[in-house]
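Structure at a glance
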Amino acid sequence: MAPRDPAEGHRAASPLELLFDLVFVVAVGFAATNLHEIETEGHVSSAILSYAMVFFAIWWAWLNFTWFANSFDTDDWLYRIMTFVQMAGVLVLAAGVHAAMTEGDFTIPVIGYVVMRLALVAQWLRVAASSPRYRRTALRYAVGIVIVQALWVGMLALPDGSMPFVAPVLVLLEVLVPPIAEGTSETTPWHTHHIAERYALFTLIVLGEGLVASANAVIDGLAHADHMGPLLVLAAAGLVIVAGLWWIYFSREQHEHIRSLPTALVFGYGHYFVFAAAGAIPAGIEVAVSADAGEADLSHASVAATIAVPVALFVLAIWALALRPSLSVGWNTVVVVLAVLILASIGVPGASLVATALLVAAIVVVLEVAERRPGRRPLA
């Protein structure tokens, strides 16, 4: 298992990586569906907490596979088998999402998560056996992952109610493994264009879930003629939001932000908020559809928050990760103010979704104007 050349030309996502992403989207879709159901019942805070926890498991497993493949994708038969094992773990995790988010039972998700993580350990051991230069780094990864997985399994034996206190500690241990493994030994080789493409493709897939939610609004509108007008407005606003967020995300090249271990960690970890927010947006649109039909036990502000909060989080996250270095102080201030106004749109009676869509469109205009102004500061 020799390392890939970080300067390899024209490297693109492999068919196996694309298949891997699609399996993860199944889990993201289940998480969003359950988020919608719990929010509709009026339990917004508990829905957010359970969604954040489940999404961490999905995102962290995806991130670790993606960075490993970026450095050591040999695409031989054993590599493919180990990848399929990780995909099986994703499906097990997805099967347990409902129980985890509605009943607080994380047994099945933990089992699926551990399967994914231990399959990656086998890959790191292959690296240790075949690549002397990266042996120490690979062994640090393998040992760190195994220790944390043992702790996740041990958490299942703890009394009910202890998970909210123990899980954050284990999450912290998980995110400490890469900086410890990479920072104290030979850093694995990164192909920055390839890793940026992988993040971009996954963002596209997750944003695509929002288009499904907009389509559902159209379907409901056609089925209920008395609600057709408001539902078509919801569908149009949802489309504008998704298209606008796509435009914002792809308005700047992002590979130049992966220059060193610290910047790679910021880029990789910061995308948790990008992905989680994108995954929550379709749930918010579905909540708005349910509210229009009188099926949501939520106030107007709560319904609006299910959309405005993830949209604002997405904008602020991608601004901090990719937009900020390329904008002047003035344009940075405008983008941040518009993101804050998205949150404030929660208080707009009866038109919060439309207001959010218009504010997203305004940010797109700002970025386009800033991109075309003379003397624009290049990416730093």
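In this text, all values refer to a predicted model and were calculated from it rather than measured experimentally.

Cut-offs and rules
- Residues numbered from 1 in each chain as written.
- Predicted model: local features only at pLDDT ≥ 70, side-chain atom pairs only at ≥ 80, totals over all residues.
- Heavy atoms only, no water.
- Helix = DSSP H or I, 4+ residues; strand = E, 2+ residues; numbered from the N terminus.
- Rg over C-alpha atoms; globule rule 2.2 N^0.38 Å.
- Buried < 20%, exposed > 50% of the residue type's maximum accessible area, 1.4 Å probe, protein only.
- Contact = heavy atoms within 4.5 Å.
- Areas by Shrake-Rupley, 256 points an atom, 1.4 Å probe, with all protein chains shown as cover.
- Lys, Arg positive; Asp, Glu negative; His and termini not counted.
- Charge placed at Lys NZ, Arg CZ, Asp CG, Glu CD.
- Salt bridge = Lys/Arg side-chain N within 4 Å of Asp/Glu carboxyl O.
- Axes fitted to C-alpha atoms, helices over the stretch in contact; angles between N-to-C directions.
- Parallel < 35°, antiparallel > 145°, perpendicular 65-115°, else oblique.
- Patch = residues over 30% accessible without salt bridge, like charges linked within 9 Å, V, L, I, M, F, W, Y side chains within 5 Å.
- Core = buried A, V, L, I, M, F, W, Y, C linked by side-chain atoms within 4.5 Å.

This part covers the overall build of the protein. Helices and strands together make up the secondary structure of the protein, namely 13 helices and zero strands. For the protein, the N- to C-terminal ordering of α and β elements is α-α-α-α-α-α-α-α-α-α-α-α-α. Expected size for 380 residues packed as a compact globule is a radius of gyration near 21 Å; at 21 Å, the protein falls within 12% of this value. Expressed along its principal axes, the backbone C-alpha trace of the protein runs to roughly 65 × 60 × 35 Å. Counting across all 380 residues of the protein, residues that qualify as buried make up 53%. In the protein, 81% of the contacts between residues at least 6 apart in sequence involve partners at least 24 apart. Counting only carbon and sulfur atoms, one obtains 71% of the accessible surface of the protein, whose full area is about 15,600 Å². Seen as two clouds, the 17 positive and the 28 negative side-chain charges of the protein have centres 18 Å apart.

Quick look at the pattern of salt bridges now. Evaluation of the coordinates by the stated rule reveals six salt bridges. Ionic pairing is found between Glu 17 and Arg 198, a salt bridge with its closest N-O pair at 3.4 Å. Of this pair, Glu 17 sits in helix H1 (residues 15-40) while Arg 198 sits in helix H8 (residues 192-223), and the two are 181 residues apart along the sequence. Taking the relative accessible area as the measure of exposure, Arg 198 reaches 0% and is therefore buried. Here Arg 198 ties to Asp 21 by a salt bridge, and the two come within 2.7 Å at their closest N and O atoms. In this pair, Arg 198 is assigned in helix H8 and Asp 21 in helix H1, connecting sequence segments 177 residues apart.

It is worth spelling out unusual backbone geometry at this point. One non-glycine residue, His 10, adopts positive backbone phi at about 60°. Along the chain, His 10 falls in the segment before H1. At Asp 75, a residue that is not glycine, the phi angle is positive and equals roughly 55°.

The N-to-C vectors of helix H6 (residues 135-155) and helix H7 (residues 163-183) enclose an angle of 175°; their axes lie 9 Å apart at closest approach. Classed by the angle they form, the pair H6 and H7 counts as roughly antiparallel. From H6, Thr 137, Arg 140, Tyr 141, Gly 144, Ile 145, Val 148, Gln 149, Leu 151, Trp 152 and Met 155 reach across to H7, where they touch Met 163, Val 166, Ala 167, Leu 170, Val 171, Leu 173, Glu 174, Val 177, Pro 178, Ile 180, Ala 181 and Glu 182.

Before going further, it helps to examine a nonpolar patch on the surface. The grouping of Leu 19, Leu 22, Trp 77, Ile 81, Phe 84, Val 85, Val 92, Ile 108, Ile 111 and Val 115 at the surface amounts to a nonpolar patch, some 860 Å² of accessible area in total. At the level of elements, H1, helix H3 (77-95) and helix H5 (107-130) are the ones that each hand at least two residues to the nonpolar patch. Among the structural elements, Val 85 can be located in helix H3. Val 85 sits in the partly exposed class, given a relative accessible area of 31%.

It is worth spelling out the nonpolar core at this point. Trp 124, Trp 152, Leu 245 and Ile 248 are the most contacted members of the largest nonpolar core, which totals 123 residues. Broken down by element, the residue count for this core peaks at 18 residues, all from helix H2 (residues 44-72). With near-sequence residues (within four places) excluded, Trp 124 lies in contact with Phe 68, Phe 72, Ala 138, Tyr 141, Ala 142, Ile 145 and Thr 188.

Checked against the element boundaries, Ala 13 lands in the segment before H1. By relative accessible area, Ala 13 is classed as buried at 17%. For Ala 13 and Arg 198, which are 185 residues apart along the polypeptide, the C-alpha to C-alpha distance reads 6.6 Å. In contact with Ala 13, not counting residues within four places along its chain, are Leu 18, His 194, Glu 197, Arg 198 and Leu 201.

Two numbers describe how helix H9 (residues 228-249) lies on helix H10 (residues 261-292): the axes approach to 10 Å, and their chain directions differ by 170°. Classified by the interaxial angle, the pair formed by H9 and H10 is roughly antiparallel. Contact residues: H9 offers Pro 230, Leu 231, Leu 234, Gly 238, Ile 241, Leu 245 and Tyr 249, while H10 offers His 271, Val 274, Ile 281, Ile 285, Ala 288, Val 289 and Asp 292.

On to the environment of Gln 86, then. Relative to the elements of secondary structure, Gln 86 occurs in helix H3. Each C-alpha atom of the pair Gln 86 and Trp 319 lies 32 Å from the other, and the pair is 233 residues apart in sequence. Excluding anything up to four places from it in sequence, Gln 86 contacts Phe 20, Phe 65, Met 116, Ala 119 and Leu 120.

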